[in-house]
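Descriptive analysis of the structure
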Amino acid sequence: MEYRTVAEAYRDLEQTSSRLALIDRLGELLAATPATLLPTVCYLCQGLIAPQFAGVDLGLAEKLAVRAVATATGISPGQVTGSVQETGDLGLAAEQLMSATAAGRAASLQVSAVAATLRQIADAEGPRSQGRKLDLLGGLLARATPLEARYLLRLISGELRLGIGTPTILDALAQVHGGGRAARPALERAYNICCDLGQVASALVSGGVVAVEQIRVRPGNPVRAMLAQRLSDADEILVKLGGRCAAEYKYDGVRIQAHRTADGAIELFTRRLERVSAQFPDVVALLAAGLGPAEAIVEGEVVAYDAAAGELRPFGEVMTRRRKHGIDIAVRDVPVGLFCFELLFADGQDLTQLPYPQRRARLAGAVTVSAQLRLATATEVTNAAALEAAFGQAVADGCEGLVCKSVSPDTGYRAGARGWLWIKLKRDYRTELSDTVDLAVVGAFAGRGRRVGVYGALLLAAYDPDADVFRTVTKCGAGFTDADLAALPARLAPLARPDKPATVDARQQPDVWFEPGLVLEILSAELTLSPTYTAAWGEIKENAGLAMRFPRFTGRWRDDKSARDASTTRELTELYRTAQRKPAST
Ligand code: ATP
């Protein structure tokens, strides 16, 4: 298969915004892909060359990519940099420059060769690796057409900009290889428990939907996190959960999924599927000592923790552990505890289908607790007073509140779903007028007055998973410290786009657009209806979306979340409806 076929599909996808048209065009590409290459092409459409959790990093600095383009075109690196600054996009700059120097070049790159070379680029390590990466990329560019160069460079710089996410690729796979939309839930379930689109695609073409249904949880492949709904009232929570629930402490830290594979190795994954064992060697050691089953998947919250005093420390402290350098010192200065709350796999058995009480009992049997390896505190409650008491105790002990978990028989672990089996009750819900939400930055407005030179306000959006689109909900300039404001331009620069990204639905024109990538925690006084914002458009009222009034950044950068983990438009609708049901004074 020629890489040209992939590049042409990318070009069409980039120009398409209708979801159905995107699925059709992607379907066309997947239908034209031989079975053996289907996993590779799926990864390429995700902007990857291997599943995300494999952590394969092409690791090519922009400076190096600029040099490769300079060599390929015979133009000086300075001129290439100038062109990148003009277009705001390394891929476009390379395409334009190569249109002059390689205009008539016939397409000759094969998908398999491109994937193999990209792999070699990623694998190159050691003192001479930068030169080797440069040579490998140069070799690809020497044979690429201008259009192919556009996408090779974007892939390498981690910015494919196709406007499609995994949900859209799953739609296209269902359409082309699964016999239609009916196959979509099976594909999604499989993806949610293995996080590997290539594995799902490969099972689908080789054995049909039946083979996809047979994909099981397996140590080594992260399982997408089960998520919680929110309510602010103990009675309502108990009604939702059938009159009884397990009230578990909600620890304020970093969610970790620990996998011990058959070879004894322990790997830690974050919710964003990053591997963080190197950042938390102390957590790995705790698990190596205290985890019974030879093969296992355990979930818990890593929290900054003073074990001697039994004191939970604030979230900000554990975030200082998310670093690449100076790890020994950080381990010494910020000790942590792991508070386990799930066991998804143990000794050859997938436990995700078991009801929660049984999983919890298995967890208690699998973990030998120690000063820093603990089980999440849990009590079963059957009335609102007991739930309130558990909440008060959790807050007094330094937690954010509770996660109330259903104990009914059908409480299997729902990977990747935010359902009503888990309901969080947080401190914020009690002390503020409204809840915090996590929103993706999609645009910014230039600052005026005191804020000249930095952003004055950000345009923020919630995620609509059904359409795989980000819909705006507010403009926020409050709550940022001077240090936050100074940090924003650099944090957002890699995401800046000259035009509105295809994944963004907005009715305003900010001064800069951003590909959704940075997530911020926002507190707001109220949700209202507005003709300016597009979240939940037309759902509550015709020609109106939901908007936040008096939004404020809480100071919490949700670097642990990817854009698609931001609060959803459905959650906002729920919040709006809940607020409508309450008397105005609460
Ligand atoms: P928040 O911003 O409220 O932490 P979130 O969007 O990160 O929420 P949710 O699933 O809504 O995630 O809330 C549950 C989160 O709380 C989990 O992702 C996990 O990190 C954390 N947590 C802490 N203690 C527990 C517990 N005992 N059980 C489940 N999750 C817990």
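Residues numbered from 1 in each chain as written. Predicted model: local features only at pLDDT ≥ 70, side-chain atom pairs only at ≥ 80, totals over all residues. Heavy atoms only, no water.

For the rest of this paragraph, the subject is the site of the ligand. Of all residues adjacent to the ligand, which total 20 residues, the nearest are Glu301, Arg418, Lys424, Lys426 and Lys561. The side chain of Glu301 places a nitrogen or oxygen atom 2.6 Å from an oxygen atom of the ligand. Relative to its unbound accessible surface of 590 Å², the ligand loses 96% to contact with the protein. Taken together, the elements giving at least two residues each to the shell around the ligand come down to strand S1 (227-230), strand S2 (245-250), strand S11 (401-405) and strand S12 (418-426). No other element matches S12, which puts 4 residues into the shell around the ligand. A domain split of the shell around the ligand shows at least three residues from each of domain 2 (227-429) and domain 3 (435-581). (Near = heavy atom within 4 Å. Polar contact = N/O pair within 3.5 Å; in protein donor to acceptor, adjacent residues only side chain to side chain. Areas by Shrake-Rupley, 256 points an atom, 1.4 Å probe, with all protein chains shown as cover. Helix = DSSP H or I, 4+ residues; strand = E, 2+ residues; numbered from the N terminus. Domains from an automatic or database assignment.)

Before going further, it helps to spend a moment on helix H12 (residues 197-213). Between its first and last C-alpha, H12 extends only 14 Å over 17 residues, short of the 24 Å set by a 1.5 Å rise per residue. Along H12, the helix axis deviates most sharply at Gly207, where the bend reaches about 135°. The set of residues buried in H12 consists of Leu197, Gly198, Val200, Ala201, Ala203, Leu204, Ala211 and Val212. Against helix H3 (38-45), helix H10 (166-177) and helix H11 (184-194) lie the buried residues of H12. The N-cap of H12, judged by a side-chain oxygen 2.9 Å from the amide nitrogen of Gly198 a few residues on, is Asp196. (Expected span 1.5 Å × (residues − 1). Bend = angle between axes of the 7 residues up to and from the residue. Buried < 20%, exposed > 50% of the residue type's maximum accessible area, 1.4 Å probe, protein only. Contact = heavy atoms within 4.5 Å.)

This part takes up the packing of aromatic side chains. For any pair of aromatic rings, geometry is given as the distance between the ring centres together with the angle between the planes. Here the structure, examined in full by the defined rule, presents 11 aromatic pairs. Ring geometry for Tyr251 and Phe339: centres 4.3 Å apart, planes at 20°, overall stacked. Of this pair, Tyr251 sits in the loop between S2 and strand S3 (254-260) while Phe339 is found in strand S7 (residues 336-346), placing the two residues 88 residues apart along the sequence. For the pair shown, Tyr251 and Phe339 are each scored as buried. Sitting over the ring of Trp557, Arg491 keeps its end group 4.3 Å from the ring centre. A cation over an aromatic ring shows up here: Arg556 above the ring of Phe315, its NZ or CZ 3.5 Å from the ring centre. (Phe/Tyr/Trp six-rings, centres within 6.5 Å; stacked < 30°, edge-to-face > 60°. Lys NZ or Arg CZ within 6 Å of the ring centre and 35° of its normal.)

In terms of residue burial, S2 counts as a mostly covered element, since 6 of its 6 residues are buried. With 4 bridges connecting them, S2 and strand S10 (residues 378-381) associate as antiparallel partners. Note on S10: the bridge partner recorded for Cys245 is Val381. Across 5 bridges, the pairing between S2 and S11 is antiparallel. Looking across to S11, one finds that Tyr249 is bridged to Leu402. (Pairing = 2+ DSSP bridges.)

Moving on, we come to the domain arrangement of the chain. Parsing the chain into structural domains produces domain 1 (48-157), domain 2 (227-429) and domain 3 (435-581). Each side of the interface is counted separately: domain 2 has 12 residues, and domain 3 has 15 residues. Summed over both partners, the interface of domain 2 with domain 3 buries about 1,400 Å², with 41% contributed by carbon and sulfur atoms. The interface formed by domain 2 and domain 3 includes 3 salt bridges. In this structure, Asp252 and Arg556 form a salt bridge, with 2.7 Å as the shortest nitrogen-oxygen distance. Connecting domain 2 to domain 3 are 6 residue pairs in polar contact (both at pLDDT 80 or more). For the side of domain 2 that touches domain 3, the elements supplying multiple residues, two or more each, are S12 and helix H19 (427-431). (Buried area = accessible area lost by both parts, 1.4 Å probe. Salt bridge = Lys/Arg side-chain N within 4 Å of Asp/Glu carboxyl O.)

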